There are 2 protein chains.
Amino acid sequence: MGEEIGIGLLGCGIVGSAVARILADDADEIMERCGAHITIRRVAVRNLAKERDVPVPRDLFTNDAAEVVSDPNVRIVVEVMGGIEPARSLTLAALSSGRPVVTANKELIATLGKELFAEAERSGADFAFEGAVAGGIPIIKPLKESLAGERIRRVMGIINGTTNFILTRMSQEGIEFDQALAEAKRLGYTELDPTADIEGFDAAAKVSILASICFDSRVVAGDVYREGITRVTARDFTFARALGYEVKLLGIAEAVDGRVAARVHPAMIPLSHPLASVRDNLNAVFVEGVHVGQLMFSGQGAGGPPTGTAVVGDIVDLARNLTSGSRGVGCTGYRQDARIRHMDETSSSYYILLEVDDRPGVLARVAQTFADHGVSINSVWQEGFGDEARLVMVTHRALERNFQSLLGALRGLEVVEEVASSMRVITDEE
Amino acid sequence: MGEEIGIGLLGCGIVGSAVARILADDADEIMERCGAHITIRRVAVRNLAKERDVPVPRDLFTNDAAEVVSDPNVRIVVEVMGGIEPARSLTLAALSSGRPVVTANKELIATLGKELFAEAERSGADFAFEGAVAGGIPIIKPLKESLAGERIRRVMGIINGTTNFILTRMSQEGIEFDQALAEAKRLGYTELDPTADIEGFDAAAKVSILASICFDSRVVAGDVYREGITRVTARDFTFARALGYEVKLLGIAEAVDGRVAARVHPAMIPLSHPLASVRDNLNAVFVEGVHVGQLMFSGQGAGGPPTGTAVVGDIVDLARNLTSGSRGVGCTGYRQDARIRHMDETSSSYYILLEVDDRPGVLARVAQTFADHGVSINSVWQEGFGDEARLVMVTHRALERNFQSLLGALRGLEVVEEVASSMRVITDEE
């Protein structure tokens, strides 16, 4: 007992300071668990003058990040600066010098995972990224290791806390998106620019990582079909509830006939589904495997301490490998080029809300249009009368391509005033 | 690529045959993930004559288990026979010969974990047991590794599927325990003798394992306070629902002032708690950590394929260690002797149902008795009149010792006809 392992921290924001605090607070437990003293030896920050409430001596801070990566006392590099550059160059430099790297940078992995894993493979350095998806929830390691003997069919998750908070408020209070977003801003649950969250970019990055691991394929963020939540309305929640559903922003990755389909979009999900009761800013990942059946992992998907816990878990793992002279399995996943199934070729059930004329023959015209496009109707009901007449419809499973051309045709129908809303539906049978 | 790693299977029942099938079905994926061909080289069974639907050549079966453990072609021993002997001797023999062992035998670990871990430590052989708790749900590895940098406060779980099925039926159908047990028997959800499930022995074994890992202490099954579900009534569910609770059999382990308190008992849990909606024969483990907050892991806690998945995950892990010449962290936990907090010294809220006389002054007498024993009342309501009069009470947190002496005193009160029921309550504030 007693070997020291020096850490170089790249970035000291919310996650970085949480990591520093956990390493200090839990030093004894960590020492017991990995047989080494883990010590921060150098911290790269942009602004040296800024006051920071972290248990790290001032003289360890530098604004020369390259110096941290090449410091001979630094044996593990922890990248928690975020963004693509200089995170990419620094991570590559660390890996190519043989230093294991821990990162919580989902954007980097979702965009350049292939390059980073290749470098880790070449140099033999461990590369771990538990904190990149779903914050403190252990999901990357369980997928890579505990389920190593499993064939995963589908992974489906609520992996963005901000949008889940907004949708929970809309569901509970009956308010519109803008109001719920304003509340999320007031409570500090959004970034200054909320686009990455509400338009699904953040979730798409995480889905690409989950898909890469589950299906051992190099799926990048750009491979993920993406729709945000800005067009979800209070009325959608009303009809969802009437139909027995909750509305959630889901990230979904599945293997269909040897291809990976990955997407992020709002969806109706049965109230009885475990994901339906994941509320507020919580995250949850639902995994379906051939042998294991359905598993769910839930918890805090963001925030300094939870994500810091994930990063420290990875540090302890890599430190154990260093002390035992072994190597982790950092490069599982990402081995094959991904064969992506285009969104058009996926299938789903759909909810659709039509503002229609209230006169005989309208339903017949609408139903015929569905039939013409090969989309079969599961249920339909009329809401309101006269100018307020609406059809609320749910389809059986249909091909996305067919559904999209159906939408176009419905918009052209003279009896349809407006296609007011449509949303994919996760059914009980799936 | 291409190294072969021979497996010796001890037992070929429900879990053993699932393991054999998964290893055969997913051979390619497993080869990709651990860089070795994993092949069953020998299978020990009691009855050689029995027909078995497993993809293993007949001539690999033997009824001499010792031969499997010492076979030079067997590099990993997989113990899925269950029970204490000969599982214990065989596991010790394997470990002492330096062979890594995977087991799904909760009874063995809960009783003799200390001895087994000591032998693994001495010989340097890996020892893994993901399948021993909560079947296919990855929980042991996440606790040991992903949360290695975390201080866990409490772990609380629904870790017995049979009792959760029974309680779910009682909750949904309003039926009594005996009826629900009969239904579970009819559906094959019980052992021939259901005692281990319904009296909480199975859950207590699992709690002792979870407690050992979370608190790095050698907690054995006998250290776990245990109450089963045979005295839970349909009426308890009625009152629970009225109070906003569900009734679940919980396994709980927590660290309080440096001591480990571990227990299994039925409890009322708020309907809004994630564990309240874990239904049927599902399992779930709820973990509370200082930094990570609340995490939940849920899924199929038993059955051949889910447990088989956990066992195969461990096999792949240990095979990777063999091919890379490294070693796992099989012995984390179990390092310190446990300092157990006696049940009397734990505290909880309680629900209590009293059959009382319906006359003035009764509540005053009852309330005074609570006060005399240092138990503070949170809520009370009277149900029914005359001969049917009852008091439904919920207490604030109180010491178990005080509550038990209160129960004794209430039974002696002349105005109390019967203490009809009492149950611990997990409150929202916890």
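Everything in this summary refers to the structure shown in the same document. (Residues numbered from 1 in each chain as written. Chains lettered and ligands numbered in written order. Predicted model: local features only at pLDDT ≥ 70, side-chain atom pairs only at ≥ 80, totals over all residues. Heavy atoms only, no water.)

**Focus: the pairing of strand S13 (residues 293-300) of chain A**
With eight bridges connecting them, strand S12 (residues 282-289) of chain A and S13 of chain A associate as antiparallel partners. Within S13 of chain A, the residue paired with glycine 289 of chain A across the bridge is glycine 293 of chain A. Hairpin connection from S12 of chain A to S13 of chain A: three residues lie between these consecutive antiparallel strands. Alignment of S13 of chain A against strand S13 (residues 293-300) of chain B, held across three bridges, turns out to be antiparallel. Each residue of the ladder has a partner; that of serine 298 of chain A, found in S13 of chain B, is methionine 296 of chain B. (Pairing = 2+ DSSP bridges. Helix = DSSP H or I, 4+ residues; strand = E, 2+ residues; numbered from the N terminus.)

**Comments concerning the relation of the copies chain B and chain A**
When chain B is fitted to chain A, the best match, at an RMSD of 0.0 Å, comes from turning it 180° and sliding it 0.0 Å along the axis. What we have between these two chains is a two-fold relation. Take the interface residues of chain B: 100% of them recur as interface residues in chain A, which is what a same-surface contact looks like. (Least-squares fit on C-alpha atoms with pLDDT ≥ 70 in both. Contact = heavy atoms within 4.5 Å.)

**Looking at the pattern of salt bridges**
Residue and element names in this part refer to chain B. Under the criterion given, the structure shown has 58 salt bridges over all chains. Glutamate 227 serves as the salt-bridge partner of arginine 424, at 3.1 Å between the closest nitrogen and oxygen. Here arginine 424 is found in strand S19 (residues 416-425), whereas its partner glutamate 227 is found in the loop between strand S9 (225-226) and helix H11 (234-243), with 197 residues between them in sequence. Overall, the relative accessible area of 5% leaves arginine 424 in the buried class. (Salt bridge = Lys/Arg side-chain N within 4 Å of Asp/Glu carboxyl O. Buried < 20%, exposed > 50% of the residue type's maximum accessible area, 1.4 Å probe, protein only.)

**Some thoughts on helix H14 (residues 400-412) of chain B**
Residue and element names in this part refer to chain B. Helix length check: H14 (13 residues) gives 19 Å between terminal C-alpha atoms against 18 Å at 1.5 Å per residue, within 8%. Those residues of H14 that fall on the buried side of the exposure criterion are Glu400, Phe403, Leu406, Leu407 and Leu410. The buried residues of H14 occupy one face: seen down the axis, they fall within an arc of 115°. On its buried face, H14 sits against strand S15 (347-356), helix H13 (362-372), strand S18 (398-399) and S19. (Expected span 1.5 Å × (residues − 1). Arc of directions from axis to C-beta.)

**Here we look at the sheet that holds strand S4 (residues 76-79) of chain A**
All names here are of chain A. Taken together, six strands build an open sheet; the order of strands is S3-S2-S1-S4-S5-S6 and the sheet is parallel. Only two strands of the sheet have a single partner each, and these edge strands are strand S3 (61-62) and strand S6 (127-128). Across three bridges, S4 lies against strand S5 (residues 101-103) in parallel orientation. Bridging from a neighbouring strand, valine 78 pairs with valine 102 of S5. Its contacts with the sheet place helix H12 (residues 304-324) against strand S1 (3-10), strand S2 (36-44), S4, S5 and S6, and it is angled at close to 165° to S4. (Axes fitted to C-alpha atoms, helices over the stretch in contact; angles between N-to-C directions.)

Read these as geometric descriptors, not functional statements.
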